[in-house]
Amino acid sequence: MSASWEVQKALYNALSSDATFMTKIGSRLYDEAPTNESFPYVTLGNSFENRYNKLTNKGFEIIARLDIYTKTGRLGFKPAKEIMVEMNRVLNQKRFALTGFNMIQCYFDTSATERDEDKRIITARYIVWCEES
């Protein structure tokens, strides 16, 4: 049994049900980066799953990457960082309902900023701990 899909659904549901966050990104929250989409938008990017077992508990650590895409000219990374503040408000140090698992906690781990030819991107990495229920 894998917790990764349950965690992705929980993160998506938490973000998509928060009106302030969705207004900030123009309701553009995706599983995969779209082609020819307006900016800004957020994608639930790559995730990694590590399994850990302790005595009678079976658990998982999910490392979920969320990418914030902006194209803002002279404003640089400011709009992306403002979106990340809202994302952290919704996700950081929270617990969400998962089917088949008990979420221990979701917490913000790291972020990185980068530029490519068209976009300004900020990557936020969250670590989610959960156990099989």
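From a predicted model like this one, the values you see are computed outputs, not experimental measurements. (Residues numbered from 1 in each chain as written. Predicted model: local features only at pLDDT ≥ 70, side-chain atom pairs only at ≥ 80, totals over all residues. Heavy atoms only, no water.)

### Thoughts on the environment of R115
Within the fold, R115 resides in strand β4 (residues 101-115). Residue R115 is classed as exposed on the basis of its relative accessible area of 52%. For the pair R115 and G76, spaced 39 residues apart in sequence, the C-alpha to C-alpha distance is 9.4 Å. (Helix = DSSP H or I, 4+ residues; strand = E, 2+ residues; numbered from the N terminus. Buried < 20%, exposed > 50% of the residue type's maximum accessible area, 1.4 Å probe, protein only.)

### Structural notes on the pattern of salt bridges
Tallied over the full model, the rule gives six salt bridges. The salt bridge involving E82 is made with K24; its shortest N-O contact spans 3.6 Å. Of this pair, E82 sits in helix α3 (residues 78-91) while K24 is found in helix α2 (residues 19-24), placing the two residues 58 residues apart along the sequence. Classification of E82 by relative accessible area gives partly exposed; the value is 32%. Put simply, R65 and D67 hold a salt bridge, and the shortest N to O gap is 2.8 Å. Among the residues examined, R65 registers a relative accessible area of 31% and is labelled partly exposed. What makes D67 buried here is its relative accessible area of 5%. Members of the salt-bridge network, linked through shared partners, are D18, E86 and R89. (Salt bridge = Lys/Arg side-chain N within 4 Å of Asp/Glu carboxyl O.)

### Quick notes on the nonpolar core
Across soluble globular proteins, nonpolar side chains have a tendency to be buried as a group. Counting residues in each nonpolar core, the largest one holds 32 residues, and the members touching the most others are L11, F21, M87 and L91. Broken down by secondary-structure element, the contributors of at least two residues to this core are α1 (4-16), α2, β2 (41-54), β3 (57-70), α3, β4 and β5 (120-132). Filtering out sequence-adjacent residues up to four positions away, F21 remains in contact with L15, V42, I83, E86, M87, R89 and V90. (Core = buried A, V, L, I, M, F, W, Y, C linked by side-chain atoms within 4.5 Å. Contact = heavy atoms within 4.5 Å.)

### Quick look at the packing of aromatic side chains
For the coordinates displayed, the defined rule picks out five aromatic pairs. Between Y30 and Y41 the ring centres are 5.9 Å apart and the planes differ by 70°, which places this aromatic pair in the edge-to-face class. Residue Y30 is found in strand β1 (residues 29-30), and its partner Y41 is found in strand β2; the two are separated by eleven residues along the sequence. With centroids separated by 5.6 Å and ring planes inclined at 65°, the aromatic side chains of F108 and Y126 adopt a geometry described as edge-to-face. With F108 in strand β4 and Y126 in strand β5, this pair connects stretches of sequence that are 18 residues apart. A relative accessible area of 24% means that F108 is categorised as partly exposed. (Phe/Tyr/Trp six-rings, centres within 6.5 Å; stacked < 30°, edge-to-face > 60°.)

Distances and angles like these do not, on their own, reveal function.
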